[in-house]
Amino acid sequence: TNQSPIGGSLSTTSFRLKATEIEAVAYELLQKHCPDVLRKPSLTPVADIIKKLEERTGLKSSIENLGEFEGKKILGRVSFKRKILFLDRSLLDERKLQFRFTAAHEIGHWVLHRYKELKLENQKLNTEELTDDDSSICRLDQRTPKEWIEYQANVFAASLIMPRNTFHDELVRSQKEIGILRNFGIVFINDENYNRKDRIMILAMLSDKFQVSKQSVEVRLHTLKLVVDEGKKAGKSIVEILKSTLS
């Protein structure tokens, strides 16, 4: 199938979409419904986009208590069979900063993955319904079919609510505001205390600007390859070092 995923469906051959291809799908959605978001740093109206998808594709939405699974709080779920996007009530209260990214993540599942069965390296993955908790939201691993699906939804979500150009502009503005004098648009990781403080401040400023969690900002920095690790320790991934800077 070659139709746009916004109004149609993807074929199983496009399972391993590149990050830039996923970005393009997200930007197509933004261009159709809220093009100003692509031109200046602002809040993507995720609720309005869900309403537009209801008009175009029949997707319904519901906010309710989704409970837990294996001890982890379920934050979102999308049912392709029933055409419903679910978000947990906690996203309106104690997890408010996770609302926008989680909603965009579930939109990503709907736009990219709404077909009955995917095949990856001879493994079948049932996608009639996908459920997300803290372990899948903001995850960037790509080892298993499930992780590939979550990676794609996370790249889509980051692209939808933090578009490349406006995110980069806001990163540079934040760096200048806190007194950084060079290497604008890149975040460096090393063992220097001043560098650590700058990182924490930048993450907080971008989190506030785009109304997302700091972890969501980390995802965007990582997917845009705006992080340079100068002090990577043996055996540690960039994602682990990013997390350690906030501990």
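Residues numbered from 1 in each chain as written. Predicted model: local features only at pLDDT ≥ 70, side-chain atom pairs only at ≥ 80, totals over all residues. Heavy atoms only, no water.

Participant: Even after reading the chapter, I still don't get the packing of helix H1 (residues 19-33) against helix H2 (residues 46-57), so can you show me in this structure?
Facilitator: Think of two packed helices as two axes; the pair is described by the angle between the axes and how far apart they sit. As a packed pair, H1 and H2 sit with axes 11 Å apart at the nearest point and diverge in direction by 90°. As summarised for this structure, H1 and H2 are arranged roughly perpendicular, according to the angle between their axes. Seen from H1, the contacting residues are Leu29, Leu30, Lys32 and His33; seen from H2, they are Ile49, Lys52, Leu53 and Arg56. When its residues are assigned to classes, the contact of H1 with H2 shows four nonpolar, one polar and three charged. (Axes fitted to C-alpha atoms, helices over the stretch in contact; angles between N-to-C directions. Helix = DSSP H or I, 4+ residues; strand = E, 2+ residues; numbered from the N terminus. Parallel < 35°, antiparallel > 145°, perpendicular 65-115°, else oblique. Contact = heavy atoms within 4.5 Å. Nonpolar A, V, L, I, M, F, W, Y, C, P; charged D, E, K, R; others polar.)

Participant: Looking at this model, I keep getting lost on the pairing of strand S4 (residues 84-88). Mind explaining?
Facilitator: Along any regular strand the residues' side chains alternate between the sheet's two faces. With respect to burial, S4 is a largely interior element, five of its five residues being buried. Here strand S1 (residues 60-64) pairs with S4 via five bridges, running parallel. When the bridges of S4 are listed, isoleucine 63 appears paired with leucine 87. Of the strand pairs in this sheet, strand S3 (residues 72-79) and S4 are connected by four bridges, and their pairing is antiparallel. (Buried < 20%, exposed > 50% of the residue type's maximum accessible area, 1.4 Å probe, protein only. Pairing = 2+ DSSP bridges.)

Participant: Looking at this model, I keep getting lost on the packing of aromatic side chains. Mind explaining?
Facilitator: Within a pair of aromatic rings, the relevant descriptors are the distance that separates the centres and the angle that separates the planes. Scanning the entire structure with this criterion turns up three aromatic pairs. Measuring from ring centre to ring centre gives 6.1 Å for phenylalanine 80 and tryptophan 110, while their planes differ by 15°; the resulting arrangement is stacked. Of this pair, phenylalanine 80 sits in the loop between S3 and S4 while tryptophan 110 sits in helix H3 (residues 99-113), placing them 30 residues apart in sequence. Neither residue differs from the other here; phenylalanine 80 and tryptophan 110 are each classed as buried. When the centroid spacing of 5.8 Å and the interplanar angle of 40° are considered together, the rings of phenylalanine 167 and phenylalanine 210 count as tilted. Separated by 43 residues along the polypeptide, phenylalanine 167 in helix H5 (residues 164-177) and phenylalanine 210 in helix H6 (residues 193-210) bring together distant segments of the chain. In this pair, the class of phenylalanine 167 matches that of phenylalanine 210, namely buried. Lying over the aromatic face of phenylalanine 184, lysine 176 brings its terminal NZ or CZ to 5.2 Å of the ring centre. (Phe/Tyr/Trp six-rings, centres within 6.5 Å; stacked < 30°, edge-to-face > 60°. Lys NZ or Arg CZ within 6 Å of the ring centre and 35° of its normal.)

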